[in-house]
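In case you want the letters, here they are:
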Amino acid sequence: GGPYGGKGAPMGGGMMMGKGGGKAGAPGSFFNLYGAIKKAGLLGGGKVPEECQCYIKNLPADTTDVDLYKLFAPFGAIAVQGVKAMIKEDGSCTGVGFVDFQDPEVAGGAGGAFYGTPV
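Here the structure is a predicted model, which means the values were calculated and not measured.

Looking now at the pairing of strand β2 (residues 78-87). Alignment of β2 against strand β3 (residues 93-101), held across five bridges, turns out to be antiparallel. Its bridge partner being in β3, isoleucine 78 is matched across the sheet by phenylalanine 101. With antiparallel pairing between neighbouring strands as the criterion, β2 and β3 make up a hairpin whose turn holds five residues, including glycine 91 at a positive phi of roughly 95°.

Okay, here's the thing in structure tokens:
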């Protein structure tokens, strides 16, 4: 297994380009690298099944995408780009957010855990 107890190569194992690990094949930016990998279909994506989606309302005005991720990630795997706090023009949250899980049972458990919880 890999150095972190998992199977296969360590993270980033496939990222080396060119000979000797030099900069000859290095991408210009992470944004470009991510875009190329996403375009190649390596990150999954596509339509998330409705039963994997959670709609959250009554969020505080300072809620961000990262906050939603931190709150819901402990329940299970979240789809790529699977958290979204809806933001007004002034930068504050509208009170609504969305979380897309990879497993419908996890989505149901997360939704049930917070249902009716005052924030």
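The structure having been displayed, the exposition proceeds.
Moving on, we come to the pairing of β3. The buried fraction of β3 amounts to seven of the nine residues, a majority that puts the element mostly inside the structure. Pairing of strand β1 (residues 53-56) with β3 involves four bridges; the strand directions are antiparallel. Within the sheet, the bridge partner assigned to tyrosine 55 lies in β3 and is phenylalanine 98.

Here the focus is unusual backbone geometry. Backbone geometry places asparagine 58, a non-glycine residue, at a positive phi of 65°. Tracing the chain through its elements places asparagine 58 in the loop between β1 and α2 (65-72). Of the residues examined, asparagine 58 reaches a relative accessible area of 56% and is grouped as exposed. For glutamine 81, which is not glycine, the phi torsion reads 55° and is therefore positive. With respect to the helices, strands and loops of the structure, glutamine 81 is situated in strand β2. Of the residues examined, glutamine 81 reaches a relative accessible area of 55% and is grouped as exposed.

Counting residues in hydrophobic clusters, the biggest one holds 14 residues, and the most contacted among them are Cys54, Ile56, Leu68, Phe72, Ile78, Val99 and Phe101. At the level of secondary structure, the elements contributing two or more residues to this core comprise β1, α2, β2, β3 and α3 (104-114). In this structure, isoleucine 78 is in contact with Tyr69, Phe72, Ala73, Val83, Val99, Asp100, Phe101 and Gln102, ignoring residues within four places of it in sequence.

Overall, the coordinates contain three aromatic pairs when judged by the stated rule. Each ring, one from tyrosine 55 and one from phenylalanine 98, has its centre 5.6 Å from the other, and the planes form 55°; the classification is tilted. Of this pair, tyrosine 55 sits in strand β1 while phenylalanine 98 sits in strand β3, placing them 43 residues apart in sequence. On the basis of relative accessible area, tyrosine 55 is assigned to the exposed category, the value being 52%. Ring geometry for phenylalanine 72 against phenylalanine 101: centres 6.4 Å apart, planes inclined by 65°, an arrangement best described as edge-to-face. Taken together, the positions of phenylalanine 72 in helix α2 and phenylalanine 101 in strand β3 put the pair 29 residues apart, joining distant regions of the chain. Given the relative accessible area of 1%, phenylalanine 101 is considered buried. These aromatic residues form a ring-pair network of at least three members: Phe72, Phe75 and Phe101.

Quick notes on the rules
- Residues numbered from 1 in each chain as written.
- Predicted model: local features only at pLDDT ≥ 70, side-chain atom pairs only at ≥ 80, totals over all residues.
- Heavy atoms only, no water.
- Pairing = 2+ DSSP bridges.
- Helix = DSSP H or I, 4+ residues; strand = E, 2+ residues; numbered from the N terminus.
- Buried < 20%, exposed > 50% of the residue type's maximum accessible area, 1.4 Å probe, protein only.
- Core = buried A, V, L, I, M, F, W, Y, C linked by side-chain atoms within 4.5 Å.
- Contact = heavy atoms within 4.5 Å.
- Phe/Tyr/Trp six-rings, centres within 6.5 Å; stacked < 30°, edge-to-face > 60°.

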